[in-house]
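What follows is the residue order along each chain.
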Amino acid sequence: MYGKVFGQKEVIVVSQRFHNERAIYLGEHFGMTVYGYNAKNVAKMGGFKTKVRERFARMKVFWGILFGIDSNFLGKPVKIG
């Protein structure tokens, strides 16, 4: 299965490292080739909040894969020519 909205088999994700790790894991799980480019990290206090939020986001990813839960926020398919 490839990207459900854009139908891509190969993508590049530009974000902070913690997000890229999750995006690459998910993409590869669904049969995509995913490359990540790490942007600059957030400030210290913002970084702490982000790390806490990311722990829960990662648990949600594994929970969703384990129980076959699909995303609630997918849009309609978009054809990229």
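The sections below set out a description of the structure shown in this document. Throughout, a residue's number is its position along its own chain's written sequence, starting from 1. Local features in this predicted model are restricted to residues of pLDDT 70 or higher, and side-chain atom pairs are both shown and tallied only at a pLDDT of 80 or more, whereas totals for entire chains, interfaces and linings draw on every residue. Heavy atoms throughout the structure, all of them, feed into the side-chain values; hydrogens and water do not.

**What to know about the pattern of salt bridges**
In what follows, salt bridge is the name for a side-chain nitrogen of Lys or Arg lying within 4 Å of a carboxyl oxygen of Asp or Glu. Counting across every chain of the model gives four salt bridges. Between glutamate 21 and arginine 58 there is a salt bridge whose closest N-O contact spans 2.5 Å. Remark: arginine 58 occurs in helix 2 (residues 44-67) and glutamate 21 occurs in helix 1 (residues 17-29); sequence separation between them is 37 residues. One salt bridge in this structure joins arginine 22 and glutamate 54, with 2.7 Å as the shortest N-O distance. Pair noted here: arginine 22 is in helix 1 and glutamate 54 is in helix 2, with a separation of 32 residues, a long-range link. Bridged by salt links that share partners, the residues Arg17, Glu21, Arg22, Glu54 and Arg58 form one connected network. Each helix is a run of DSSP H or I of at least 4 residues and each strand a run of E of at least 2, with the numbering of both proceeding from the N terminus.

**Some thoughts on the pairing of strand 1 (residues 10-15)**
Whether two strands pair comes down to DSSP finding at least two bridges between them. In this structure, strand 1 lies alongside strand 2 (residues 33-38), joined through six bridges in parallel fashion. Residue pairing in the sheet places valine 14 in a bridge with tyrosine 37 of strand 2. Crossover handedness for the path strand 1 to helix 1 to strand 2: right-handed. A clockwise path from the first strand over the helix to the second, with the strands pointing away from the viewer, defines a right-handed crossover.

Shape descriptors only; they carry no functional weight alone.
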